[in-house]
Amino acid sequence: MSAQDDFWHTLLDEEFRDRATGHTDVNAKAHMFVNHYSMSTGMISSIVGFGAKFAGAYRDHDGDLLTGEHTYRIDLPADPPARLFWSLTLYDAETAAQVDAQGQTYSSLNGMDDIALNPDESITLHIGPERLAGAENWIRTVPGRGWFALIRWYGPEQAFFDRRYKPGDFIKTASNHSNA
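Every value quoted in this text rests on a predicted model; they were computed, and no experiment measured them.

Observations regarding the environment of Ala57
Link 1 in the chain: When you line up the elements, Ala57 lands in strand 1 (residues 52-57).
Link 2 in the chain: Residue classification places Ala57 among the buried residues on the basis of a relative accessible area of 1%.
Link 3 in the chain: Taking the C-alpha atoms as reference, Ala57 lies 8.5 Å from Phe170; in sequence the two are 113 residues apart.

What follows is the structure in structure tokens.
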């Protein structure tokens, strides 16, 4: 697996090349355009502090597709580079709607939520069908359902454009939960 994570691969490789074959993933490229660029004029802005930038992740650190029966952790460095706010949202792989998990209104966390920070002010987000003991910043998934994530920076700051800010990969921490 490449050291480059899925978010930056989506953002910076506008050709959407498959890492193993080098071929363009036409479906991924069309998905990003239809669902993001075509819906927001802010997506085409490259002016610091204005518009929005979205990035998608479909696989975990090991290259496996993201699925609801597994529990993951993703670490975001301190100070996400968004003048307005940032968000991480999970979408169902089949419907492209937000993950519909029982007891959860929105399958997202963002900089306007009461986010628990680590001592170094980085952010750890937990994703899975059950909240792990002590896990804060949790989004529920549905076992047996695939999902993908979008991270958004609204009013992206210079650290975004300079590529100094890099979200972590989804790291699998637990799997095979029997219920949600």
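Following the structure, the description resumes.
Digging into a negative patch on the surface
Link 1 in the chain: On the surface, Asp79, Asp120, Glu121 and Glu157 cluster together into a negatively charged patch.
Link 2 in the chain: Considering the arrangement of structural elements, one finds Asp120 in the loop between strand 4 (108-110) and strand 5 (123-128).

Structural notes on the packing of aromatic side chains
Link 1 in the chain: Enumeration over the complete set of coordinates arrives at 9 aromatic pairs.
Link 2 in the chain: Here the aromatic rings of Phe160 and Phe161 are separated by 5.1 Å at their centres, their planes lie at 85 degrees, and the arrangement is edge-to-face.
Link 3 in the chain: Taken together, Phe54, Phe85 and Tyr154 form an aromatic cluster joined through their ring pairs.
Link 4 in the chain: The ring of Phe50 carries Arg83 above its face, with NZ or CZ at 5.3 Å from the centroid.

Considering the sheet that holds strand 4
Link 1 in the chain: Strand order in this open sheet of 4 strands is 1-7-3-4, and the pairing throughout is antiparallel. The open sheet has two edge strands with one neighbour each: strand 1 and strand 4. Sheet twist, expressed as the mean angle between neighbouring strand axes with direction ignored, is 15 degrees.
Link 2 in the chain: Taken together, the 6 bridges between strand 1 and strand 7 (residues 147-156) define a ladder with antiparallel strand orientation. In the strand pairing of strand 7, Ala55 is matched with Ile151.

Focus on the pattern of salt bridges
Link 1 in the chain: Evaluated as defined, the whole model comprises 6 salt bridges.
Link 2 in the chain: The closest approach of N and O atoms between Asp64 and Lys172, which form a salt bridge, is 3.3 Å. Pair noted here: Asp64 is in the loop between strand 1 and strand 2 (71-76) and Lys172 is in strand 8 (residues 171-174), with a separation of 108 residues, a long-range link.
Link 3 in the chain: Of the charged contacts in the structure, one is a salt bridge between Arg145 and Glu94, with a shortest N-O distance of 3.8 Å. Highlighted residues: Arg145 in the loop between strand 6 (138-140) and strand 7 and Glu94 in the loop between strand 3 (82-92) and strand 4, separated in sequence by 51 residues.
Link 4 in the chain: Each of Asp60, Asp64 and Lys172 takes part in a single network of salt bridges with overlapping partners.

What to know about the pairing of strand 7
Link 1 in the chain: A large share of strand 7 lies buried, amounting to 9 of its 10 residues.
Link 2 in the chain: Relative to strand 7, strand 3 is paired through 9 bridges, and the arrangement is antiparallel. Looking at strand 7, one finds that Trp86 is bridged to Trp153.

Rules and cut-offs
Residues numbered from 1 in each chain as written. Predicted model: local features only at pLDDT ≥ 70, side-chain atom pairs only at ≥ 80, totals over all residues. Heavy atoms only, no water. Helix = DSSP H or I, 4+ residues; strand = E, 2+ residues; numbered from the N terminus. Buried < 20%, exposed > 50% of the residue type's maximum accessible area, 1.4 Å probe, protein only. Patch = residues over 30% accessible without salt bridge, like charges linked within 9 Å, V, L, I, M, F, W, Y side chains within 5 Å. Areas by Shrake-Rupley, 256 points an atom, 1.4 Å probe, with all protein chains shown as cover. Salt bridge = Lys/Arg side-chain N within 4 Å of Asp/Glu carboxyl O. Lys, Arg positive; Asp, Glu negative; His and termini not counted. Charge placed at Lys NZ, Arg CZ, Asp CG, Glu CD. Phe/Tyr/Trp six-rings, centres within 6.5 Å; stacked < 30°, edge-to-face > 60°. Lys NZ or Arg CZ within 6 Å of the ring centre and 35° of its normal. Pairing = 2+ DSSP bridges. Axes fitted to C-alpha atoms, helices over the stretch in contact; angles between N-to-C directions.

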